[in-house]
Amino acid sequence: MNHHPRSGALDLLKYIGPGLLVTVGFIDPGNWATNLAAGSEFGYALLWVVTFSSIMLIIIQHNVAHLGIVTGLCLSEATHKYMPRTLSRPILASAMLASVSTSLAEILGGAIALRMLFGMPIKVGAVIVTIVCLAMLLSNTYNKIERWIITFVSIIGLSFLYELTLVDVDWGQAITGWVKPTFPENSILIIMSVLGAVVMPHNLFLHSEVIQSRAWNLEDETVIKRQLKYEFYDTLLSMVIGWAINSAMIILAASTFFRENIAVNELDQAQQLLVPLVGSNAGVIFAAALLLAGVSSTITSGIAGASIFSGFFDEPYNHADPHSRLGVLLSFVPALGIIFLIGDPFQGLILSQMFLSVQLPITVFTQVYLTSSKKIMGPYANSRSTTVILVLLGTLVTLLNIALLLQLIIDN
């Protein structure tokens, strides 16, 4: 049965959702730590990095969403279908490992939040977060999960808006920071961390999966063009929301910790320091928002893992399908096992980031190859200028992640 959605302002609402699932990866616990470090050490000076990274993300995510709309295939299915098996299998296997690494970081973030709120041991909290996310993923469809994620993102955003009302913000400096690139002394590592954490392998698989799941009549040129247009609005709106929430984290840290000359590099430390500076409510709300960020980002990591694993079998994600269910388990269970094997949770975060740094170029350049192919995309293939921009962005992100990886190896 073919569906022909109506055009108009109300029709736009039907397209809102896929971008917000991707935004969750943009405001996951890893981003929290980086943003708090940026604000506490350099005040408002690095807000421009959030602006630049948001623009970069809009371009890359918009491109991978095009693949889902035009072909009706997610990135994993397209990789399986259009690339030689000798390439597609290793690509999808490495992407599956990247999903495990992402789940490790997201589950840890939720567990750290539970420790903040209830004094719960990290391992116990990790088990609880995993069980809750598994229950949601194995029982809910896309529409229900999207509604949950939209709710979570809304609460996280409102939490930071509330916390900003508790502090004295220098909005003049903030506005300057958003638009004027500066490179304070010893800031390069933080700048690389913020930029490098923006584009994540699982988000590229996730966006193409979620967007193609909404396909109407792919034979209808008018519908495809309408989807492409509204998808851009969804991606733009969602990335602006991500930009605002990430900016709010830096502004909060700049208005509290930087003003007091306190450098913050751990999430627990940030919550503990907020209480005497701003009040107990701020500490509780900070931890609660982190918990929602951890749970929602774990859910999206699970969907990405299921989508990647289903791609091995040339199937789309379906929460009731055995391959998708196994994909979720393969993303979560090894991640939980690693948390139990590693005593220091922050060591776990470092290990996960190291693997993502290695895998990211593989996914980015696979995407560019697929979306630039006229055989695959037809008249919607990337133009030469778009391909050049994507290759440059992919190269930039790759170099940033390699630099971060080398720094992590040196530091450890």
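Not measured: the values here are computed from a predicted model. (Residues numbered from 1 in each chain as written. Predicted model: local features only at pLDDT ≥ 70, side-chain atom pairs only at ≥ 80, totals over all residues. Heavy atoms only, no water.)

Caption draft 1: Region of interest: the overall build of the chain. Along the chain, the regular secondary structure elements total 18 helices and zero strands. Relative to the 2.2 N^0.38 estimate, which gives 22 Å for 412 residues, the radius of gyration of the chain is 20 Å and therefore close to what a compact globule would have. Projected onto its principal axes, the C-alpha coordinates of the chain cover approximately 60 × 45 × 45 Å. Taken over 412 residues, the chain has a buried fraction of 58%. (Helix = DSSP H or I, 4+ residues; strand = E, 2+ residues; numbered from the N terminus. Rg over C-alpha atoms; globule rule 2.2 N^0.38 Å. Buried < 20%, exposed > 50% of the residue type's maximum accessible area, 1.4 Å probe, protein only.)

Caption draft 2: Focus on the packing of aromatic side chains. For the structure on display, the rule yields eight aromatic pairs. Residues W48 and F183 carry aromatic rings whose centres are separated by 5.2 Å and whose planes lie at 65° to one another, so their mutual orientation is edge-to-face. With W48 in helix α4 (residues 47-71) and F183 in the loop between α9 (171-179) and α10 (188-196), this residue pair connects regions lying 135 residues apart in the sequence. Residue W48 is classed as buried on the basis of its relative accessible area, which comes to 10%. (Phe/Tyr/Trp six-rings, centres within 6.5 Å; stacked < 30°, edge-to-face > 60°.)

Caption draft 3: Region of interest: the side chain of S88. Relative to the helices and strands, S88 is located in helix α6 (residues 85-118). On the basis of relative accessibility, which here comes to 2%, the residue S88 falls in the buried class. With sequence-adjacent residues up to four places away left out, S88 is seen in contact with T79, H80 and M83. (Contact = heavy atoms within 4.5 Å.)

Caption draft 4: Local environment of unusual backbone geometry. Of note in the backbone geometry, N186 takes a positive phi value of approximately 65° without being a glycine. Tracing the backbone shows N186 in the loop between α9 and α10. Given the relative accessible area of 67%, N186 is considered exposed. In the Ramachandran plot, D314 falls in the positive-phi region, its phi being about 60° despite a non-glycine side chain. Mapped onto the elements, D314 comes out in the loop between α14 (280-311) and α15 (322-341).

Caption draft 5: Expanded view of α15. Taking 1.5 Å of rise per residue, 20 residues should cover 28 Å, and α15 covers 28 Å from first to last C-alpha, within 8% of that figure. Considered for burial, the residues of α15 that qualify are S324, G327, V328, S331, F332, A335, L336 and I339. Burial along α15 is one-sided: seen end-on, the buried residues are contained in an arc of 145°. In α15, the exposed residues that point more than 90 degrees away from the buried face are P322 and L341. Contacts from the buried residues of α15 go to α6, α7 (122-139) and α14. Sitting at the amino-terminal end of α15 is D321, which places a side-chain oxygen 2.9 Å from the backbone nitrogen of H323. (Expected span 1.5 Å × (residues − 1). Arc of directions from axis to C-beta. Polar contact = N/O pair within 3.5 Å; in protein donor to acceptor, adjacent residues only side chain to side chain.)

Caption draft 6: View of the pattern of salt bridges. Taken as a whole and judged by the stated rule, the model has one salt bridge. Its salt-bridge partner being R259, residue D168 comes within 3.8 Å of it at the nearest N-O pair. With a gap of 91 residues between them, D168 in the loop between α8 (142-165) and α9 and R259 in the loop between α12 (221-258) and α13 (267-278) connect regions that are remote in the sequence. (Salt bridge = Lys/Arg side-chain N within 4 Å of Asp/Glu carboxyl O.)

Caption draft 7: Looking closely at the environment of R115. Assignment of secondary structure puts R115 in helix α6. Residues R115 and A287 lie 172 residues apart in sequence; the distance between their C-alpha atoms is 9.0 Å. Apart from residues no more than four positions distant in its own chain, R115 is found in contact with M120, I122 and D268.

Caption draft 8: Region of interest: the packing of α6 against α15. As a packed pair, α6 and α15 sit with axes 8 Å apart at the nearest point and diverge in direction by 55°. The angle between α6 and α15 falls in the class oblique. Classified by chirality, the crossing of α15 by α6 is right-handed. Facing M96, S99, V100, S103, L104, I107 and L108 of α6, the residues of α15 in contact are G327, L330, S331, F332, P334, A335, I338 and I339. (Axes fitted to C-alpha atoms, helices over the stretch in contact; angles between N-to-C directions. Parallel < 35°, antiparallel > 145°, perpendicular 65-115°, else oblique. Left-handed = near helix turned anticlockwise from the far one by under 90°.)

Caption draft 9: Highlighting the environment of N143. Within the fold, N143 resides in helix α8. Accessibility expressed as a relative area gives 47% for N143, which makes it partly exposed. For the pair N143 and G279, spaced 136 residues apart in sequence, the C-alpha separation works out to 38 Å.

Caption draft 10: Spotlight on a nonpolar patch on the surface. Side chains of L399, I402, L406, I409 and I410 sit close together on the surface and give an oily, nonpolar patch of about 500 Å² of accessible area. Its location among the elements puts I410 in helix α18 (residues 384-411). (Patch = residues over 30% accessible without salt bridge, like charges linked within 9 Å, V, L, I, M, F, W, Y side chains within 5 Å. Areas by Shrake-Rupley, 256 points an atom, 1.4 Å probe, with all protein chains shown as cover.)

Caption draft 11: View of the packing of helix α5 (residues 75-82) against helix α11 (residues 201-212). Direction vectors running N to C along α5 and α11 enclose 95°, while the axes themselves pass 7 Å from each other. The orientation of α5 with respect to α11, classified from their angle, is roughly perpendicular. For the pair formed by α5 and α11, the contact residues are L75, S76 and E77 on the first element and L204, F205, S208 and Q212 on the second. Here the contact of α5 with α11 is built from residues that sort into three nonpolar, three polar and one charged. (Nonpolar A, V, L, I, M, F, W, Y, C, P; charged D, E, K, R; others polar.)

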